[in-house]
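Close look at the chain arrangement
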Amino acid sequence: MILFGSGNLGDEAFECYKWFYNIVCFSDNDPIKRGKAFKSLKVIHPRCITKHEFDLVIISSMFYHPIHKQLIDLGIPERKIKCYSPLLLDLH
């Protein structure tokens, strides 16, 4: 899995999913965050996502819609794109 977003939601998503998934890295549109580590994982440029092996990209950002479009434009299949939503987790 790749988490897209290395802010507060990325932190929450990491803590939620780390027990169940192999999180390969984070991706972020913020050039200041790219190339650095977040939660001990590398933050990559979105264009580099397709260079990694992954089953899911979880959007862990409040900018879901533009990021979803960006991922589709990068050629990532819709079936591999999901949204991290703490609100939905609270409903279960």
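Not measured: the values here are computed from a predicted model. (Residues numbered from 1 in each chain as written. Predicted model: local features only at pLDDT ≥ 70, side-chain atom pairs only at ≥ 80, totals over all residues. Heavy atoms only, no water.)

Let us now look at the side chain of histidine 68. Position of histidine 68 among the secondary structure elements: in helix α2 (residues 64-73). When its relative accessible area of 15% is taken as the criterion, histidine 68 is described as buried. With residues near it in sequence (within four places) discarded, histidine 68 still touches Ile59, Glu78 and Ile81. (Helix = DSSP H or I, 4+ residues; strand = E, 2+ residues; numbered from the N terminus. Buried < 20%, exposed > 50% of the residue type's maximum accessible area, 1.4 Å probe, protein only. Contact = heavy atoms within 4.5 Å.)

Attention shifts here to the pairing of strand β4 (residues 41-44). As paired strands, strand β2 (residues 25-27) and β4 are joined by two bridges and run parallel to one another. Bridging across to β4, serine 27 finds its partner in isoleucine 44. Linking two consecutive strands that pair antiparallel, namely strand β3 (residues 37-38) and β4, is a turn of two residues; a positive phi of about 55° is found at lysine 39 within it. (Pairing = 2+ DSSP bridges.)

Together, Trp19, Phe20 and Tyr21 make up an exposed nonpolar region whose accessible area comes to about 450 Å². Positionally, tryptophan 19 belongs in the loop between α1 (8-17) and β2. Using a relative accessible area of 65% as the deciding quantity, one classes tryptophan 19 as exposed. (Patch = residues over 30% accessible without salt bridge, like charges linked within 9 Å, V, L, I, M, F, W, Y side chains within 5 Å. Areas by Shrake-Rupley, 256 points an atom, 1.4 Å probe, with all protein chains shown as cover. Salt bridge = Lys/Arg side-chain N within 4 Å of Asp/Glu carboxyl O.)

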